[in-house]
Amino acid sequence: MVELTIDGKPVSVPEGSMVMHAASELGLYVPHFCYHKKLSIAANCRMCLVEVEKAPKALPACATPVTQGMVVHTCSAKAVAAQKSVMEFLLINHPLDCPICDQGGECQLQDLAVGYGSDESRYREEKRVVFHKDVGPLVSAEEMSRCIHCTRCVRFGQEVAGVMELGMLNRGEHSEIQTFVGKAIESELSGNMIDICPVGALTSKPFRYTARTWELARRRSISAHDSVGANLVVQVKGERVMRVVPFENEEINECWISDKDRWSYEGLNAEDRLETPMIKGDDGVWRESSWSEALTAAAQVLERINQTHGDGQIGALATEYSTVEELALLARLTRSLGSQHIDFRLRQTDVGFERALEGAPWLGMPIAELNTLDRVLIIGSVLRKDHPLFAQRLRQAAKHGTQIVIIDTTGEDPLIPTAKRLTVAPDQLLNTIAQIAGTSAEADQNGQGSAVQSADAPLTPAQIADIMGSGTKAAVFLGNMAVNAPQATQLAVQAQAIADNAKGTLGFLTAGANTVGGYLAGAVATEEGMNVVKMMDNPLKAYLVLHAEPSLDMNDGDKAEKMLAGAFSIALTSYKSAAEKWARIMLPVAPFTETSGTFVNAEGRAQSFKGVVAGLGQSRPAWKVLRVLGNILKLADFEDETSESVRDSVLLNGFTSRLSNRVTATAVASAQTADAAAGLQRVADLPIYRTDAIVRRAGSLQQAPASAVPVARLNAATLTRLGIQSGEDVQIRGGNGNQIRIQAQEDNRLADNTVRIAQGFAQTAALGSAFGNVFVEKL
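The name given to the protein chain in an unreviewed UniProt entry is NADH-quinone oxidoreductase, and the organism recorded there is Advenella kashmirensis W13003. Note on the protein chain: under the UniProt heading Function (unreviewed entry), the record states "NDH-1 shuttles electrons from NADH, via FMN and iron-sulfur (Fe-S) centers, to quinones in the respiratory chain. Couples the redox reaction to proton translocation (for every two electrons transferred, four hydrogen ions are translocated across the cytoplasmic membrane), and thus conserves the redox energy in a proton gradient."

Draft legend 1. Region of the structure containing the overall build of the protein chain. Helix and strand content of the protein chain: 25 helices and 32 strands. Taken over C-alpha atoms, the radius of gyration comes to 28 Å for the protein chain, in line with the 28 Å a tight globule of 779 residues would show. Within the protein chain, buried positions represent 60% of all 779 residues. Within the protein chain, counting contacts between residues at least 6 apart in sequence, those at least 24 apart form 72% of the total. Carbon and sulfur atoms make up 50% of the accessible area of the protein chain, which amounts to about 30,300 Å² in all. With 75 positive and 89 negative side-chain charges, the protein chain shows a spacing of 2 Å between the two charge centroids.

Draft legend 2. Representation of the UniProt feature "domain: 4Fe-4S His(Cys)3-ligated-type" (unreviewed entry) in the protein chain in the model. When the UniProt feature table is mapped onto this chain, "domain: 4Fe-4S His(Cys)3-ligated-type" (unreviewed entry) is found at residues 78-117. Regarding residues 78-117, the helix share stands at 60% and the strand share at 0%, and the terminal C-alpha atoms are separated by 16 Å.

Draft legend 3. Summary view of unusual backbone geometry. Phi is positive for lysine 54, close to 80°, though the residue is something other than glycine. Relative to the elements of secondary structure, lysine 54 occurs in the loop between strand S3 (49-52) and strand S4 (59-60). According to the relative accessible area criterion, lysine 54 is exposed, its value standing at 88%.

Draft legend 4. Structural context of the pairing of strand S22 (residues 542-546). Extensive coverage of S22 is indicated by the burial of 5 of its 5 residues. Burial along S22 is two-sided: Ala542, Leu544 and Leu546 and Tyr543 and Val545, pointing in opposite directions, are all buried. As paired strands, strand S15 (residues 314-318) and S22 are joined by 5 bridges and run parallel to one another. Bridging across to S22, isoleucine 314 finds its partner in alanine 542. As judged from the 5 bridges shared by S22 and strand S23 (residues 568-573), these two strands associate in the parallel manner. In the sheet register, valine 545 faces S23, and the bridge partner there is alanine 571.

Draft legend 5. Structural view of empty space enclosed by the protein. Applying the stated criterion across every chain, the model contains 7 cavities of 30 Å³ or more. Empty space within the largest cavity amounts to approximately 770 Å³. What lines the largest cavity is a set of 48 residues, among which Arg347, Asn480, Asn484, Ala511 and Leu686 lie closest to the centre. Elements that contribute at least two residues to the lining of the largest cavity include exactly helix H10 (383-386), helix H14 (480-484), helix H16 (515-520) and strand S27 (680-683). When residues of the lining of the largest cavity are assigned to their parent elements, the largest contribution, 4 residues, is made by H14. Grouping the constituent residues of the lining of the largest cavity by class yields 21 nonpolar, 15 polar and 12 charged.

Draft legend 6. Just the packing of helix H8 (residues 324-336) against helix H20 (residues 622-632), in detail. Where H8 meets H20, the axes come as close as 8 Å, and the angle between the chain directions of the two elements is 20°. In terms of orientation, H8 and H20 fall into the roughly parallel class. With respect to the hand of their crossing, H8 and H20 are arranged in left-handed fashion. For the pair H8 and H20, contact is made by Glu325, Glu326, Leu329, Leu330 and Leu333 and by Ala622, Trp623, Leu626, Arg627, Leu629 and Gly630, respectively. Grouping the constituent residues of the contact of H8 with H20 by class yields 7 nonpolar, 1 polar and 3 charged.

Draft legend 7. Inspection of the domain arrangement of the protein chain at higher detail. Along its sequence, the protein chain is organised into domain 1 (2-92), domain 2 (108-204), domain 3 (278-344 + 531-657), domain 4 (367-444 + 459-508) and domain 5 (680-778). Summarising the inter-unit geometry, the C-alpha centres of domain 2 and domain 4 are found 37 Å apart. Each side of the interface is counted separately: domain 2 has 8 residues, and domain 4 has 9 residues. For the pair domain 2 and domain 4, the summed buried area comes to about 660 Å², and 50% of that belongs to carbon and sulfur atoms. The interface formed by domain 2 and domain 4 holds 2 salt bridges in total. Between the two partners, domain 2 and domain 4, sit 5 residue pairs in polar contact (both at pLDDT 80 or more).

Draft legend 8. Representation of the sheet that holds strand S11 (residues 231-237) in the model. Strand order in this open sheet of 3 strands is S10-S11-S12, and the pairing throughout is antiparallel. Edge positions in the sheet fall to strand S10 (217-222) and strand S12 (240-246), since each of these pairs with one other strand and no more. Ignoring which end each strand starts from, the neighbouring axes of this sheet average 35° apart. Pairing between S10 and S11: 6 bridges, direction antiparallel. The partner of arginine 219 across the bridge, within S11, is valine 234.

Definitions and cut-offs
Residues numbered from 1 in each chain as written. Predicted model: local features only at pLDDT ≥ 70, side-chain atom pairs only at ≥ 80, totals over all residues. Heavy atoms only, no water. UniProt positions renumbered as here; feature names shortened; annotations may be inferred. Helix = DSSP H or I, 4+ residues; strand = E, 2+ residues; numbered from the N terminus. Rg over C-alpha atoms; globule rule 2.2 N^0.38 Å. Buried < 20%, exposed > 50% of the residue type's maximum accessible area, 1.4 Å probe, protein only. Contact = heavy atoms within 4.5 Å. Areas by Shrake-Rupley, 256 points an atom, 1.4 Å probe, with all protein chains shown as cover. Lys, Arg positive; Asp, Glu negative; His and termini not counted. Charge placed at Lys NZ, Arg CZ, Asp CG, Glu CD. Pairing = 2+ DSSP bridges. 1 Å grid on protein atoms, 1.4 Å probe; cavity = no way out; pocket = protein on both sides within 12 Å on 5 of 7 lines; lining within 4 Å. Points joined across faces, edges and corners; volume = space filled by probe spheres on them. Nonpolar A, V, L, I, M, F, W, Y, C, P; charged D, E, K, R; others polar. Axes fitted to C-alpha atoms, helices over the stretch in contact; angles between N-to-C directions. Parallel < 35°, antiparallel > 145°, perpendicular 65-115°, else oblique. Left-handed = near helix turned anticlockwise from the far one by under 90°. Domains from an automatic or database assignment. Buried area = accessible area lost by both parts, 1.4 Å probe. Salt bridge = Lys/Arg side-chain N within 4 Å of Asp/Glu carboxyl O. Polar contact = N/O pair within 3.5 Å; in protein donor to acceptor, adjacent residues only side chain to side chain.

Encoded structure:
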């Protein structure tokens, strides 16, 4: 520790700290622009100049290391004079447009100019002008004349997002921040550049000119779009969500959020929001009804089906972003009606996966511990798209020496420095993992690793086993693709073996905001019940469907819609277009911003939230709708008056003891290679902005390249074998016989005899299951 004095106050900080860090320890504010606690030190704005005794001139606090006995003055005459001089230079070329700037009222430059600026400028020359730049649909760079060249955005891209999308062009007064020629900002974390920009150079394009900061009420919430559980500040004007920004929580999302969390609010007020209960008549025509009429009709149908067909003919389906309270009451209602058929894992294809788990699958550690691992194996995940903030933490860990190995089927660039990378065909994923498990077990028994191989040799399971066994804190993570695969149970068995042999931890990255909570709420079938896979093969007479858009949210959307249309289906939905094709009754329920509830994130942390705006139209919280439906049916245990009461019935009494990643299934022989003559193996990723109904309706996110019209991606060898040129239209036929026509594109990251076709789009839903073979034909 180094002892020094700042403004007459003694302080001790670790050796290597900067004066800025020491000042922060004392709670002293030193004016600055380029410094940010999460970014490297640039020291290029010079606003943090302070006086250091025995130094000949003022020094930047952010880049001056502390020394024993140092005496610093942050607000002496010399320091303040230096700071005012810097401010004068910063304002020389800055436009005087605060009244029309979107950053006005929350601008760091504006705030500091009050304290360190002058009431008039001595500069009489013409100010420089930087022409506006189009950098994509999310971030606005149309007023770059305001830029003060702090380079926070440049450093953020390189150091946090993992991709340098912005850089500094030219020198001196001609310097400007610029994208690479013809490129837009495409990072899934790009919106954080807006938060850290200290001026109005980078602003939110969807929010631009819609409200002033002082008009907005600020309310806390939790992200509903992935398993991180990012803490949010939702900014509201009237009863409309206008903007979403991060609430800092170092243990979960630090000070960042993903673009999906930031701009998905646009989908909350989509044109197809369902505002009134609706009932479809026998003539197939929808008509509006009252809540009383719709709920009574739903209850009568459910009673009649039980009386006519007996128990067990009612199924319940929900999404992984339903709250704990909603899932608990849906499970309670279904079981009170005599049925055990319920599932919230709509993309699941392994019929016995939940039976193999001893408890609720979870990350296996606190999120903050991702930074402390030294060996990581990730199986079946497009990590930076599925879990952007997990990827960000592992990116920082990799910079400090963590060795990360990725085994997947898409070949997507994780933007993380990896020790090894292996992209295989879907039918080879289990074989590969089983070989690693066997090699690592053998090495563990022998007390030594396998033979060292040449750096130029193809990557082998032995090499991966060696890497995992050489660390002191290892973890194996199963991603969304692995958990949804038909061999999910066996993948978990082999992954557990690798983790055990490496004396590490097995974790599940979990797909939805409340995947862990869904297991805890009992929204999975029991031994007597059918999960979603069995329900698809054994259609029932009636279904309750919560929040889901089956054509895009389920593994085989085409088959799911036909199943639901053939039964009496009751949709609890926020969107008319999500259910009008297959439902008989549509009940308008609130999205997460209009209801209270709880999400349990991947680390098993329960986070409750309140609604930030009133419900749109006649929409009601889904947990209240389910409770009232239970009352109309005269079922027991539906007396809860608050969402907290429902939550406590699930999460009290040490719910964390129910978290377990242990797999009880016995390992079996790995799957056989699929016959290439029977078509190509489909690699079906789920793009980041196509994951749920709210995000799919956010207009700006749908304009982003990540939501572009899907294409069929094949490697060069496969294209040549099929006689197809990259850029040509091809016909794709799924295993269900349905055909679609899309463009073929070359992608040499993929394995031979595979074709990558995204899920989550109406254009590809007809192909059916994400797993299996498809036939690609030249037109």
